[in-house]
Amino acid sequence: MLKQIEGSRAVAEAVGLCRPEVICAYPISPQTHIVEGCAELIRAGTIQHCEFINVESEFAALSVAIGASAAGARTYTATASQGLLFMAEAVYNAAGLGLPIVMTIGNRAIGAPINIWNDHSDSMALRDAGWIQLHAETNQEAADLHIQAFKLAERLSTPVMVCMDGFILTHAYERIAMPDQAQVDAFLPSYQPRQVLDPADPYSIGAMVGPEAFMEVRYLAHDKLLQALSVIPEIQQEFKEIFGRESGGLFHRYRLEDAETVVVTMGSLAGTVKDMVDERRADGVRIGVITLCSYRPFPLDALRRALQGAAKVIVLEKSLALGFGGVLATDVRMALHGVDTLVHTVIAGLGGRPITRKSLARLFGRVERGELKDPHFLDLDLDLVRREIDNQRNQITAGPIAENILRDIGPRATKVG
Amino acid sequence: MFQVRLHGRGGQGVVTAAEMLSIAAFIEDKHAQAFPSFGSERTGAAVVSYCRIDDKEIRLREPILEPDAVIIQDPTLLHSVDVFQGLKNDGYILINTGRGLAELGIAEFAARFSKGHVRQIGASELASKHVGRPLPNAALLGAFAAITGLLHIASVERAIRTKFAGQVGDGNVAAARAAFAAAKGVEPATTGAPSC
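Residues numbered from 1 in each chain as written. Chains lettered and ligands numbered in written order. Predicted model: local features only at pLDDT ≥ 70, side-chain atom pairs only at ≥ 80, totals over all residues. Heavy atoms only, no water.

Asks: Can you walk me through the overall build of chain A in this structure?
Replies: Across its full length, chain A carries 15 helices and 15 strands. C-alpha atoms of chain A, sized along the principal axes, occupy 70 × 55 × 55 Å. Taken over 417 residues, chain A has a buried fraction of 55%. Surface exposure of chain A reaches about 18200 Å², of which carbon and sulfur atoms provide 54%. On chain A, the mean spot of the 40 positive side-chain charges and the mean spot of the 50 negative ones are 6 Å from each other. (Helix = DSSP H or I, 4+ residues; strand = E, 2+ residues; numbered from the N terminus. Buried < 20%, exposed > 50% of the residue type's maximum accessible area, 1.4 Å probe, protein only. Areas by Shrake-Rupley, 256 points an atom, 1.4 Å probe, with all protein chains shown as cover. Lys, Arg positive; Asp, Glu negative; His and termini not counted. Charge placed at Lys NZ, Arg CZ, Asp CG, Glu CD.)

Asks: Would you explain the side chain of A:Thr261 in this entry?
Replies: Residues and elements named next belong to chain A. Of note, Thr261 is situated in strand S10 (residues 261-266). Residue classification places Thr261 among the buried residues on the basis of a relative accessible area of 11%. Beyond its immediate chain neighbours, meaning those up to four positions away, Thr261 contacts Arg286, Ile287, Gly288, Lys312 and Ile314. (Contact = heavy atoms within 4.5 Å.)

Asks: Looking at this structure, I do not really get the sheet that holds strand S9 (residues 251-254) of chain A. What am I missing?
Replies: Adjacent strands of a sheet pair through backbone hydrogen bonds, lying either parallel or antiparallel. Residue and element names in this part refer to chain A. The six strands are arranged S9-S11-S10-S13-S14-S15 in an open sheet whose pairing can be described as mixed. Bordering the open sheet on either side are S9 and strand S15 (376-377), each of which pairs with just one other strand. Of the strands in this sheet, S10, strand S11 (287-292), strand S13 (312-317) and strand S14 (342-347) are in contact with helix H12 (residues 328-335), which crosses S13 at around 150°. (Pairing = 2+ DSSP bridges. Axes fitted to C-alpha atoms, helices over the stretch in contact; angles between N-to-C directions.)

Asks: Can you help me understand the pattern of salt bridges in this one?
Replies: One side chain can pair with another of opposite charge once the charged atoms of both are near each other. For the structure shown, the criterion picks out 37 salt bridges over all chains. In this structure, the salt-bridge partner of A:Asp258 is A:Arg281, at a minimum N-O distance of 2.9 Å. Of this pair, A:Asp258 sits in the loop between S9 and S10 while A:Arg281 sits in helix H10 (residues 269-282); the two residues are 23 residues apart in sequence, bridging distant segments of the chain. In this structure, B:Arg9 and B:Asp74 form a salt bridge, with 3.0 Å as the shortest nitrogen-oxygen distance. Remark: B:Asp74 occurs in the loop between strand S4 (69-72) and strand S5 (92-96) and B:Arg9 occurs in strand S1 (residues 2-9); sequence separation between them is 65 residues. Overall, B:Asp74 belongs to the buried group, its relative accessible area being 12%. Connected via shared salt-bridge partners are A:Lys3, A:Arg9, A:Glu13 and A:Glu40. (Salt bridge = Lys/Arg side-chain N within 4 Å of Asp/Glu carboxyl O.)

Asks: What is the right way to look at unusual backbone geometry in this model?
Replies: The phi angle of most residues is negative, glycine excepted, and most peptide bonds adopt the trans form. Residues and elements named next belong to chain A. Omega for the peptide link from Ser29 to Pro30 comes to 0°, which places this bond in the cis form. With respect to the helices and strands, the residue Pro30 is situated in the loop between strand S2 (22-25) and helix H2 (32-43). Omega for the bond connecting Ala112 with Pro113 falls within 30 degrees of zero, at -5°, which places this linkage in the cis form. Locating Pro113 in the fold gives a position in the loop between strand S5 (102-107) and helix H6 (121-125). The backbone phi angle of Arg255 is positive, close to 50°, even though this residue is not glycine.

Asks: Mind showing me how you'd approach the sheet that holds S5(A) here?
Replies: All names here are of chain A. Taking strand neighbours across the sheet as the criterion, the seven strands line up as S3-S2-S4-S5-S7-S6-S12 in an open arrangement whose pairing is mixed. Two strands lie at the open edges of the sheet, namely strand S3 (51-54) and strand S12 (294-296), each paired on one side alone. Each neighbouring strand pair of the sheet contributes to a mean axis angle of 20°, computed without reference to strand direction. By the bridge criterion, two bridges tie strand S6 (residues 132-135) to S12 in an arrangement that is antiparallel. Along S12, the bridge assignment pairs Gln133 with Arg296. Across the sheet, H2 is in contact with S2, S3, strand S4 (75-79), S5 and strand S7 (160-165); its angle to S3 comes to roughly 130°.

Asks: Help me understand the side chain of A:Thr77 in this model?
Replies: Residues and elements named next belong to chain A. With respect to the helices and strands, Thr77 occurs in strand S4. A distance of 2.5 Å separates a polar atom in the side chain of Thr77 from the backbone oxygen of Cys24. Contact partners of Thr77, with chain neighbours within four places excluded, come to Cys24, Ala25, Ala61, Leu62, Ile101, Val102, Met103 and Thr104. (Polar contact = N/O pair within 3.5 Å; in protein donor to acceptor, adjacent residues only side chain to side chain.)

Asks: Can you walk me through the interface of chain B and chain A in this structure?
Replies: Much of the literature gives interface size as the accessible area that the parts lose upon coming together. Opposite the 31 residues of chain B that make contact, chain A presents 30 residues. Counting across the interface, chain B meets chain A through four salt bridges. For B:Arg61, the salt bridge is made with A:Glu174, and the minimal N-O distance between the two is 2.8 Å. At the level of elements, S1, helix H1 (14-27) and strand S2 (31-36) of chain B are the ones that each hand at least two residues to the side of chain B that touches chain A. Taken together, the residues of the side of chain B that touches chain A sort by class into 13 nonpolar, nine polar and nine charged. (Nonpolar A, V, L, I, M, F, W, Y, C, P; charged D, E, K, R; others polar.)

Asks: Sorry if this is basic, but what is going on with the packing of aromatic side chains here?
Replies: Each aromatic ring pair is summarised here by two numbers: the centre-to-centre distance and the angle between the ring planes. Residue and element names in this part refer to chain A. Within the structure shown, the criterion is met by nine aromatic pairs over all chains. Ring centres 5.5 Å apart and planes at 90° place the aromatic pair Phe187 and Phe239 in the edge-to-face group. Residue Phe187 is located in helix H8 (residues 181-187), and its partner Phe239 is located in helix H9 (residues 214-243); the two are separated by 52 residues in the primary sequence. With a relative accessible area of 1%, Phe187 lands in the buried category. For the ring pair Phe187 and Phe243, a centre distance of 5.7 Å and an interplane angle of 75° mean the geometry is edge-to-face. Pair noted here: Phe187 is in helix H8 and Phe243 is in helix H9, with a separation of 56 residues, a long-range link. Aromatic rings pair up to connect Phe187, Phe239 and Phe243 into one cluster. The residue whose ring lies beneath Arg296 is Tyr295, and the NZ or CZ to ring-centre distance is 4.5 Å. (Phe/Tyr/Trp six-rings, centres within 6.5 Å; stacked < 30°, edge-to-face > 60°. Lys NZ or Arg CZ within 6 Å of the ring centre and 35° of its normal.)

Asks: Looking at this structure, I do not really get the domain arrangement of chain A. What am I missing?
Replies: Residues and elements named next belong to chain A. Splitting chain A by domain gives domain 1 (2-243) and domain 2 (251-377). Summarising the inter-unit geometry, the C-alpha centres of domain 1 and domain 2 are found 27 Å apart. Each side of the interface is counted separately: domain 1 has 26 residues, and domain 2 has 25 residues. Taking both sides of the interface into account, the surface hidden between domain 1 and domain 2 amounts to around 2000 Å²; carbon and sulfur atoms contribute 57%. The largest contributions to the domain 1 side of the interface with domain 2 come from Met124, His135 and Glu137, which together make up 31% of the buried area. Between Asp165 and Lys318 there is a salt bridge; the shortest N-O distance is 3.7 Å. Counting the contacts that link domain 1 with domain 2 gives twelve residue pairs in polar contact (both at pLDDT 80 or more). Looking at the side of domain 1 that touches domain 2, the elements with two or more residues in it are H6, S6, helix H7 (139-156) and H9. Here the residues of the side of domain 1 that touches domain 2 are counted per class, giving 14 nonpolar, six polar and six charged. (Domains from an automatic or database assignment. Buried area = accessible area lost by both parts, 1.4 Å probe.)

Next comes the structure, spelled out in structure tokens:
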């Protein structure tokens, strides 16, 4: 059924259709509307046989999720930004224990300075914790990925994060084809836990493992994520057969035929990039886009094959490894190891900085003319940055950088975008 | 694609207005995308929301920088925010006020636009009368339908009812109808006390 609804509401309804048994979450922007939606659906009786557990923190939210999942319940939670960091220890535990929890991340920057807007710093910080990380390009895909995520998590007995851009997707109203219960029931079998804590048949999970076996246990966790590289496309196909949509998979390809330049990106930014690619194509520029859906596991081989024939790759990412450079760009370079392809790292949209067609047009022009230095920071105000570098260099008591910068830019904050 | 930018203050239903506009477009089988300005909204703070309407899927995610129409829910923003930033030459301006353009200090600017593209509506007064609270968002959407002809008033009314049930819904629909009628009239609505 077609609906014009907020992305957060679509996710809450999609999660509800998956017949979760325990939902526990602590609210944090921009995730709040999702868990409010879940709570409303449970109270209204739309989601049945499900307990919503209020907790006092994100650490508790995921800890309760771990307990519920270990006791055999289909379990869901959601968080963002500082909330994800606060539950970091439990994030590793959920993966290490192999518990198929599904968690939404409403992607948001990490402070300090405090910032509630979108970038990918939060999920990137936990990228190596052993969770599958899927990124949604649209709200339709965000809804669909949640339905796929429970199946994926339970088939492999491993937790899955579904990442969606905070505000840009979570707070956007758009047209969504909401699946019906019969479709979801046909797609998603009831949960058969691989391991379950049962007083009638007691055993422990989470035992101490010493040097004699830790490497092997870790290797098996790595192997499980590598298995996901084939399970993710299988589930995408199974989903398509029932729902008729191409959501999910390892990555999406757009206008890659004969492309000399390929933009590799992740999340909602792909929409704006596709519009720009159509414009450049109309001018005869051979350019295409790959939108990664599965960031962990990272599809090294499939990406390498898809990028064959590209002379230039522009990795456009909303994350920055401080003191190093691009995060996604490093993974893409790994995929292209030994291949003679020019890879540009472009850091964009940190802390919610809008990524506009105008900026992308300028960027693509510079790439076409061979003018881009690596890494490139899209729309960085270099004069502003240089003034503050001088300020900090010239006076030892220069004060806090964030506040100095705000004072320097002054009334520009009243501009629209 | 038709792009609308809405300016108002926290508590005036600026974000809800963009959402209702997108629902009205959806009712007419159009594609629509509504989203807020992603700020830390507080009561009274300047808030921006956006709505894009098109006949095909909307992929663009940038803020609306070159709107086809601006809806200004609070005229005091004229002096603090660049509400007309990027507005197209053939665009529309809808302001919630009972005051004249000269009094608002924008007569010269408004003269650049086509006849009927700039309209003031005392939407807060209409809302006070019909809803009992001076929340101008639904009424302004009625006026928007009138001046742009982009949407039927019936679609706007149905969209309002998805957000406001029962008596509050009835009141907001009545306010939207009144604003639609006022905006359709030759003379701009100037009844009631000034809204600011």
